[in-house]
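# Topology and contacts: notes
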Amino acid sequence: MAVRSTHVATLLAALLSFVAVPAIAQMRITEYMYSGGNGEFVEFTNVGATPVDMSGWSFDDSSEVAGSQDLSAYGVVQPGESVILADAGVTAAAFRSAWSLCDAVKVIGGNTNNLGRDDEINLYDASHALVDRLTYGDDTALGGPRTNGASAWPNAAGLGANLVADWTLSTVGDGEGSVASTGGDIGSPGRSTRASVPFVACPVGIMRISEYMYGGANGEFVEFTNIGNGPVDMAGWSFDDSSEVAGSQDLSAYGVVQPGESVVFTEAAAATFRGAWGLCDAAKVIGGNTNNLGRDDEINLYDASHALVDRLAYGDDTALGGPRANGASAWPNAAGLGANLITDWTLSTPGDAEGSLASTGGDVGSPGRSTRTTVAFDSCASAQLPTIAIDPGATSPYLDLADGGGAVGAVVDDPTGPAATAGIGFTFALPGGGDPANLSITVASSNPAVVDASGLLLDGSGATRHLRIVPHGVGYATVTIGATDAQDRTGTYAIAYAASAPAATPAATRFHTGASDASATIALDDDTMLVADDETNVLRVYHRAHSGLPFGGYDPSAQLALGDPENPELDLEGAFRLGARSYWTGSFSNSKNFHVRPNRHRVFAIDLAGAGVATTFAYAGRYDWLLEDLVAWDAADGHGLGANALGFAASSAEGVDSKTPAGFNIEGLALAPDGSTAYLAFRAPLLPTTQRREALLVPVRDFDALVTGAAPGSHAQGSAVFGTPILFDLGGRGIRSIDRNAAGQYLIIAGPPGDATGIAPADFRLYAWTGQPQDAPFDLGLDMTALDIAGGSFESIAGVPEQLGAGSVLQLLFDNGDSVFYADGVLAKDLAEPRWKKAASLRVRVDVVFPAAALAVTGGTPQATPVGTPFADPLALRVVDAYGHPVAGVTVVFVAPSDGASAVLSSTSALTDADGRASVDATADAVQGDYAVDAHVAGVAGSVSFALHNGIDETDVIFRDGFDAAP
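Residues numbered from 1 in each chain as written. Predicted model: local features only at pLDDT ≥ 70, side-chain atom pairs only at ≥ 80, totals over all residues. Heavy atoms only, no water.

## What to know about the pairing of strand β64 (residues 917-920)
As a reminder, the rule being used: Exposure categories follow from relative accessible area, calculated using a 1.4 Å probe and restricted to protein chains: below 20% of the type maximum is buried, above 50% is exposed, and the middle band is partly exposed. Secondary structure elements follow DSSP: runs of H or I no shorter than four residues count as helices, runs of E no shorter than two count as strands, and numbering proceeds from the N terminus. We treat two strands as partners when DSSP finds at least two bridges between them.
Alternating residues of β64 divide into Ala918 and Val920, all buried, and Arg917 and Ser919, none buried. Alignment of strand β60 (residues 875-880) against β64, held across four bridges, turns out to be antiparallel. Residue pairing across strands places Leu877 opposite Ala918, the latter belonging to β64.

Structure, rendered in structure tokens:
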């Protein structure tokens, strides 16, 4: 609310009338700032020990109206979790970016009840009861900090007490760990020390070198420790020494390394090393290192992408200095961790701060544990627990669950939801042996509002169980499977579970998980499709009829000479297939901040081998200069419309918003009717530049030769040859996708250059087209706005049927990157867990009837009859479309001469039947002679004629042979 005059007496009265909140209420106001460079905000924190469902909760300022600003999007707030309300001018994504918050921090942007210098913060629950209030005003008798450019936070006494005098102005590095935002504001939104339970919104695993010994009686070793608060999957990670070759020594066998867990790499055999150092069997040790360390060497740790994660260069006999780790290991102090400063490392001694001890061979060290961790982990204690593992054979192939835990994204009422239908298989075991049948197996959900006991369907016995998870509500839950032995020791397996709302037509809708920004697709066969995602460069293989994760995919990035590593995405938007080769295009658009992104300026080809889920991929070529060629062609009037008539140079320039009618954005790619030209379909610009209404297609000649002719590189700039531009009136819309079938029929999804509102012309429409420049696309009358799923964007059609007609079934694919699936205010593209991301597809039945294009006579010409008598055969014809297919329900007009020899027709018009056929009967009038009856259809160029002769009598008609030969 804006700053306004408020009597101190009124404020004091409000303060005195404030009733203490019962102890069961756990949400508290923990930080606020009424003005700042990155916007005002209020932080609420769950300071209790149990989750709080904020559905129906609300905020207001000093107006004190419960329900004024809805907070339901926070969903369930976990103990210790802080959530944020940002002001009207700030989106959730912008706020996170300004304060360097991860995507999982819950932020609601767009608060219109703005705070003033002298105001109130009121938090109400779903029953509209007041939960917490803070009344403040640094320029009034209330006092307190002035939170303009810096936030304030409460001490313990001020929490929930409505005493602004107990609030402190934030400073960088204060007790709340306050930092500066990108706009120079000071605060700590998203976390609070007032919480009684630790909470980490986005757990992050961090692997570091934490101990090493280059020579010893029991073998040299290196210890790596996860010092973060999230697990690290070390599949594909590797080690090397000073050779610095990523991939040299594989570390994949470590699997998932838990927070606080230390793992060891040694030249000795793993079992021998554990025995020498008294480590239990659960301590992860990889033996057999052949890249042995020397006195003057390096330790290099690489991740699965071969990026360097940590390095330690050492040499006690060189200028580097440091301890001599021969017979005793060395370990880092806090400053030396991950810093590659050997001088910050200390030689181990028995009983030191690391708890070092002697091995059986007399070496000194502490392999398998490190005090540098922030999370306690005891591998040996966990080794005594019953184990729970995934049974792949009994688990849906559309899920990805590893031993140790996993995540599942689901949809209420999804008939093919993998966890709800095929389910998850588990196997159980007791350490050291024993009968798993003696274990007590349980399953529980942390949030019954999402999955309750009735939705946890567990069956099986002995060492195996099978679980189906059937959700009934929207939000998040942790589904935990427990196995308890006779000593009351329990092993657990946790599934981070998220469920979204049911589709309007579940039987026709599928949700393809693992990515949310589906942008282009080609059908691999009737069952599978290859889908591009405009947020990554990975092409993923999905089953078309099943919800769930992809079977695999292909990332062409390494072959495309991408020159902007800070902005790696291709922004893939269009594709088509020709035999065993597929072609793909980036959008060529600027970024959302209007910067040129060169990596998006790519067209490339991928060869396909095999079929369905077994399809393999091979890079076939690329072209790097299409944008430059388009701009040069337009500037040089290569199209004959006038220099720069298309405005490509201006539309593609730095600083231009690509999602406007004057922008530059390619979103469709299709093969032209000639089989060698490709159509580039533009979302923007709309043309002409003076009116901005018509959509644009640009033909690119000899497309395959352009893209693959210089493989593995690219042809030189200027190699592209363009055809005459094609302009369509799609009602002020651009082209969002164009797809062609085997018959050469085209479907075009038309949509706005910017965001869709559902109101024309900012809505989606489906058009059919012959592919011929002289023919206009025609609207199929499909209400696409009514078909929208979760605020998605129509992006492509998965495999257009080989022949379009009445009742054709189309599978529409959505970009759901901006959808909020879990009632938490988080966009799908920003979800921290990839398996919760999803893009929908919807099967719809559409009548696709191409217009009449030609007429052909099928009977009734030539013929003769005596005057005044009927002709023996009806005048018959057939109406077909551009593909030779019959067109039903078309009115054919028959015209006989108005004087002289003529015929009386049974009707002057006739409707074509299902086979495109129409006919009329004719009777000769009283005038003898030759003549023609013409037939035509509106909108079809030309007509057909029936040659007729009215004879004097039967004798005259007998000369028909001569009549037949007449022109």
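So, next bit.
## Points about the pattern of salt bridges
Rule in force here: What makes a salt bridge here is a side-chain nitrogen of Lys or Arg within 4 Å of a carboxyl oxygen of Asp or Glu, nothing more.
Summed over all chains, the structure comprises 28 salt bridges. A salt bridge links Glu244 to Arg311; the nearest nitrogen and oxygen atoms lie 3.4 Å apart. Of the two residues, Glu244 sits in the loop between β18 (238-240) and β19 (249-250) while Arg311 sits in strand β24 (residues 308-315), which places them 67 residues apart along the sequence. The partly exposed category is assigned to Glu244, whose relative accessible area is 35%. Since its relative accessible area comes to 24%, Arg311 is described here as partly exposed. Several salt bridges share partner residues, and in doing so they unite Asp517, Glu535, Asp818 and Lys829 into one network.

## Observations concerning the UniProt feature "domain: LTD" (unreviewed entry) in the protein
The criterion, for reference: UniProt positions are given in the numbering used here, feature names are shortened, and annotations may be inferred rather than shown by experiment.
Per the UniProt annotation, the sites labelled "domain: LTD" (unreviewed entry) are residues 17-138 and 188-316. Annotated as 6% helix and 34% strand, the span residues 188-316 places its first and last C-alpha atoms 43 Å apart.

## Re the confidence of the model for the protein
Stated formally: Residue-level confidence of the predictor, termed pLDDT, takes values from 0 up to 100. Note on definitions: a residue-residue contact is assigned when non-hydrogen atoms from the two residues lie within 4.5 Å.
Put simply, the protein has an average pLDDT of 92, and 96% of its residues get 70 or more. Within the model, the stretch residues 1-25 combines pLDDT values under 50 with 37 contacts to residues more than four positions away or in other chains. Contacts for the low-pLDDT stretch residues 959-967, under 50 throughout, to residues beyond four places or in other chains number nine contacts.

## What to know about the side chain of Asn111
Along the chain, the position of Asn111 falls in strand β8 (residues 107-111). Filtering out sequence-adjacent residues up to four positions away, Asn111 remains in contact with Glu40, Phe59, Gln69, Leu85, Ala86, Asp87 and Ala88.

## A word on helix α2 (residues 92-99)
What counts here: The directions considered for the arc are those from the helix axis to the C-beta atoms.
Residues of α2 that are buried include every one of Ala92, Phe95, Arg96, Ala98 and Trp99, and no others. Buried residues of α2, seen end-on, are gathered within an arc of 165° and therefore sit on one face of the element. Where α2 is buried, its residues meet β1 (27-33), β2 (41-46), β7 (82-87), β8, β13 (179-180) and β14 (186-187). The positive-phi residue at the C-terminal boundary of α2 is Ser100, with phi of around 55°.

## Focus on the side chain of Ser178
This is how the line gets drawn: Polar contacts, as counted here, are pairs of nitrogen or oxygen atoms within 3.5 Å of one another; within protein the pair requires one atom able to donate a hydrogen and one able to accept it, and residues that are adjacent in sequence qualify only if both atoms are side-chain atoms.
With respect to the helices and strands, the residue Ser178 is situated in the loop between β12 (167-169) and β13. At a separation of 2.9 Å, a polar atom in the side chain of Ser178 contacts the side chain of Asp174. Among residues more than four places away in sequence, those in contact with Ser178 are Ser170, Thr171, Val172, Gly173, Ile186, Gly187 and Ser188.

## So, the nonpolar core
Under the convention used in this document: Only buried residues count toward a nonpolar core. Its members are Ala, Val, Leu, Ile, Met, Phe, Trp, Tyr and Cys residues joined through side-chain atoms within 4.5 Å. Domains are outlined according to an automatic or database domain assignment.
With 33 residues, the main nonpolar core has Leu747, Leu766, Met784, Ile797, Leu810 and Val848 as its most contacted residues. Contributing elements (two or more residues each) for this core: β31 (405-411), β52 (746-751), β53 (765-769), β55 (793-797), β56 (808-815) and β57 (838-846). Here this core gets four residues from one element, more than from any other, and that element is β57. Taken domain by domain, this core gets at least three of its residues from each of domain 3 (387-500) and domain 4 (509-847).

## Observations regarding the sheet that holds β24
Overall, antiparallel pairing links the four strands, which are arranged β19-β18-β23-β24 in an open sheet. Looking along the sheet, the strands with just one partner apiece sit at the ends: β19 and β24. Strand direction decides the pairing type here: strand β23 (residues 296-302) and β24, joined by seven bridges, are antiparallel. Paired with Ile299 across the bridge in β24 is Leu312.

## A few points about the sheet that holds strand β42 (residues 552-554)
Across a sheet, strands are paired by hydrogen bonds formed along the backbone, either parallel or antiparallel in direction. To be explicit about the condition: In this analysis an axis means a line fitted to C-alpha atoms, helices contributing only their contacting stretch, and an angle means the value between N-to-C directions, from 0 to 180 degrees.
One open sheet holds the four strands; their spatial order is β39-β40-β41-β42, and the pairing between them is antiparallel. The sheet terminates laterally at β39 (518-523) and β42, the two strands that pair on one side only. On average, each strand axis in the sheet is tilted by 30° relative to the strand beside it, whichever way the strands run. With five bridges joining them, β39 and strand β40 (residues 528-533) adopt antiparallel strand pairing. Counted as the bridge partner of Ala520 is Ala532 from β40.

## Concerning the pairing of strand β16 (residues 221-226)
Counted residue by residue, β16 has six buried out of six residues, so it is predominantly covered. Here β16 shows a buried face lined by Phe221, Glu223 and Thr225 and a second buried face lined by Val222, Phe224 and Asn226. Here strand β15 (residues 207-213) pairs with β16 via six bridges, running antiparallel. Bridge pairing in β16 links Met213 to Phe221.

## Considering the environment of Thr536
Relative to the helices and strands, Thr536 resides in the loop between β40 and β41 (539-543). Remark: the alpha-carbon pair of Thr536 and Ala453, spanning 83 residues in sequence, is separated by 38 Å. In terms of polar contacts, Thr536 uses its side chain to reach the backbone amide nitrogen of Val538, at 3.5 Å. At a separation of 3.4 Å, a polar atom in the side chain of Thr536 contacts the side chain of Arg540.

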